[in-house]
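The chain contents come next:
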Number of protein chains: 2
Amino acid sequence: MISRKDILKAAELIKGTAHKTPVLSCCTINKMFGAKIFFKCENFQKAGAFKFRGALTAIKSLDENSKKKGVAAHSSGNHAQALALAARLNGIKAHLVMPSNSSKVKVEAVKDYGAQITFCEPTLEARESTLKNVMDKTNAIEIHPYNNKIIISGQATATIELIDEIGQPDYILAPVGGGGLLSGTALAAHYFSSSTKVIAAEPENANDAYLSFHSKKFSPSINPQTIADGLRTSLGSITYPIILEYVNDIVTVSERSIIDAMRLIWERMKIIVEPSSAVPLAALLENKIHFEKKQPTIGIIVSGGNIDLGELKSYF
Amino acid sequence: MISRKDILKAAELIKGTAHKTPVLSCCTINKMFGAKIFFKCENFQKAGAFKFRGALTAIKSLDENSKKKGVAAHSSGNHAQALALAARLNGIKAHLVMPSNSSKVKVEAVKDYGAQITFCEPTLEARESTLKNVMDKTNAIEIHPYNNKIIISGQATATIELIDEIGQPDYILAPVGGGGLLSGTALAAHYFSSSTKVIAAEPENANDAYLSFHSKKFSPSINPQTIADGLRTSLGSITYPIILEYVNDIVTVSERSIIDAMRLIWERMKIIVEPSSAVPLAALLENKIHFEKKQPTIGIIVSGGNIDLGELKSYF
């Protein structure tokens, strides 16, 4: 079990290296939803997403022998960038297995951070077998993007900072993909903001967490098609039980609402968020969450801002 | 002449109503240019641009009798939104003359802020004659968007805040259109940061300020075609002499560089800025400014973030 102490230790480990990201509000959005909404802006985090918190915590937690071996993971997205940067800042090697269809922007970022990239076919099997080969060859330590207690402790630090800044909100909303961010958010609320309800939002086109949560039977994600590319993964053996126990509800949203919510954030808040980050606000747009009081205070974890602007044409 | 006192008075008048906007930095951008760059983010200002500072200062400076009459201006852009919002917050009427081709987003925003809109043909003559009619009918007081000492004092407050936060930078860069922001910036630097050089950047497709500055002979802007829609206006009779006296240099940039700089800010800083705001960074991209020392500290006034996302398709 991840303890209160584990989370505080993660906060201590990343202090001074990870950004204490700003919490922003927008009068227009508050007025639209009759709520006080506080956006915890992990799009301003190093490497552009909350993932840096977990990756840095994991790397700082390695013993000296493991540090010499370096770290490895397969990822097409934000974890790859976060791990590459966290490794470089700590002077250790990072080996990333990336599917051949990864976005050019993300591949370039991982390269810029000095990581070794091995490309593979874009299937889970190829990613896992290629990663195994890389690890066999290099002895590098695998850092799983979410199914890892230290990673989860690191992701929990975003919520710690949010609560430090705004006090205990009535609700915290977070997106859910593999469940690393959501598990960390729910545990942080449990330990440090016990009156807060934690609600997750998920694309209905990738509703494995929604199904797993409500049926209480694990349902994997099978080739989901959603614009929210950070939320396509399935829950893990560590994240699923935490979510079952500590999350209050999971709701789903349409692709249309995700785009509308993203546009609302871009236009009104003047910040760039990636589609995954707009999923909780999409749940408000769809009126999917029943709030028990008027004018609730709501924290929203804005997961990241890594988006290929060249792809925008299809959205707006 | 606008005095040190006038600027401090403006700062006092807008305190608590205008946002003290954040100053952001980006490691990647600093590294690219070998400089420490501090972005003063007026895109997060109320109504999405620095214009709110001037409009609020002007409205708060009206006597009671004038307040009863209301205010008026012609504007297709940020001044219209700023004046409408500043008027509403002070319980006074705003009459805006907007050209019929104004962007829908901006018209909607002005309407939302409760202003009376009169549409006219999209020519300067029609704007001026329609404004005169509106003023004759309503007795409203004209608040010119830039050729107005009180407006200039208000725009100067962005630089006051920047200097308060980062100390005296070696350079401050600002875009120039009508020159309200630039005049305020140069005067604030003159009074409160005398070691700072102020350099303006302008689209080469709208280079009237560049020509007027270097030839020392006023050159108006004639139907300029630039993506930087906030910078199409000519200098005014009040702004031009201030700029001649207090600005160190004006450089021009290409449309391509403006788009590249805007994209760089969006992708790396995760904030939405409008094309006009990217013009100073475009000058760095084009290597147009000769800095006298290595690793200079540079403040950049990010003028605003009001952009029609529907138009993005043509940029990226």
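The structure displayed is predicted, hence computed values, not measured ones.

Rules used in this analysis
Residues numbered from 1 in each chain as written. Chains lettered and ligands numbered in written order. Predicted model: local features only at pLDDT ≥ 70, side-chain atom pairs only at ≥ 80, totals over all residues. Heavy atoms only, no water. Salt bridge = Lys/Arg side-chain N within 4 Å of Asp/Glu carboxyl O. Helix = DSSP H or I, 4+ residues; strand = E, 2+ residues; numbered from the N terminus. Buried < 20%, exposed > 50% of the residue type's maximum accessible area, 1.4 Å probe, protein only. pLDDT = per-residue confidence, 0-100. Core = buried A, V, L, I, M, F, W, Y, C linked by side-chain atoms within 4.5 Å. Contact = heavy atoms within 4.5 Å. Least-squares fit on C-alpha atoms with pLDDT ≥ 70 in both. Buried area = accessible area lost by both parts, 1.4 Å probe. Polar contact = N/O pair within 3.5 Å; in protein donor to acceptor, adjacent residues only side chain to side chain. Nonpolar A, V, L, I, M, F, W, Y, C, P; charged D, E, K, R; others polar. Axes fitted to C-alpha atoms, helices over the stretch in contact; angles between N-to-C directions. Parallel < 35°, antiparallel > 145°, perpendicular 65-115°, else oblique.

> Can you explain the pattern of salt bridges? Please cite residues and give values.
What the rule picks out here adds up to 27 salt bridges over all chains. A salt bridge links Lys293(A) to Asp170(A); the shortest N-O distance between them is 3.3 Å. Separated by 123 residues along the polypeptide, Lys293(A) in the loop between helix H13 (275–285) and strand E10 (297–302) and Asp170(A) in the loop between helix H8 (149–166) and strand E7 (171–175) bring together distant segments of the chain. Owing to a relative accessible area of 18%, Asp170(A) belongs among the buried residues under this scheme. Salt-bridge contacts for Glu42(B) lead to Arg53(B); the nearest nitrogen and oxygen are separated by 2.6 Å. Of this pair, Glu42(B) sits in the loop between strand E2 (36–41) and helix H3 (51–60) while Arg53(B) sits in helix H3; the two residues are 11 residues apart in sequence, bridging distant segments of the chain. You'll find Glu42(B) and Arg53(B) in the same group, each marked buried. When salt bridges that share partners are traced, they join Lys40(A), Glu42(A), Arg53(A) and Glu161(A) into one network.

> Requested: an account of the confidence of the model for chain A, with residues and values cited.
Residue-level pLDDT values for chain A average 95, and 100% of them are 70 or greater. Complex prediction metrics read pTM 0.92 and ipTM 0.90.

> Give me the nonpolar core: which residues, what numbers.
Judged by nonpolar contacts, the single largest core of 86 residues is most densely connected at Phe39(A), Trp266(A), Phe39(B) and Trp266(B). Ignoring sequence-local partners within four residues, the contact set of Trp266(B) consists of Trp266(A), Ile272(A), Leu309(A), Ile271(B), Ile272(B), Val273(B), Ile307(B), Leu309(B), Leu312(B) and Phe316(B).

> Provide a residue-level description of the relation of the copies chain A and chain B, including the pertinent values.
Placing chain A over chain B gives an RMSD of 0.0 Å and needs a rotation angle of 180 degrees, together with 0.0 Å of translation along the axis. Within this description, the copies of the chain are treated as partners about a two-fold rotation axis. No C-alpha of chain A lies nearer the rotation axis than that of Ile271(A), which sits 2.1 Å from it. Comparing interface residues between copies, 100% of those in chain A also lie at the interface in chain B; the contact surface is shared.

> Mind laying out the interface of chain A and chain B, listing which residues take part and the relevant values?
Facing the 22 residues of chain A at the interface are 22 residues of chain B. Summed over both partners, the interface of chain A with chain B buries about 1900 Å², with 60% contributed by carbon and sulfur atoms. In this assembly, chain A and chain B are joined by 3 salt bridges. A salt bridge links Arg263(A) to Asp308(B), with the shortest nitrogen-to-oxygen separation between them at 3.9 Å. At the surface where chain A touches chain B, the tally comes to 6 residue pairs in polar contact (both at pLDDT 80 or more). If one sorts the elements of the side of chain A that touches chain B by residue count, helix H12 (residues 255–269) of chain A sits on top with 5 residues. Classifying every residue of the side of chain A that touches chain B by side-chain character gives 8 nonpolar, 5 polar and 9 charged.

> Residue-level account of the packing of helix H5 (residues 78–89) of chain B against helix H6 (residues 104–112) of chain B, with values.
All names here are of chain B. It is the contact of H5 with H6, at a shortest axis distance of 8 Å, that shows an interaxial angle of 10 degrees. By the angle class used here, H5 and H6 are roughly parallel. The residues of H6 that touch H5, namely those facing Asn78, Ala80, Gln81, Ala84 and Arg88, are Lys106, Ala109, Val110 and Asp112. Tallied by class, residues from the contact of H5 with H6 come to 4 nonpolar, 2 polar and 3 charged.

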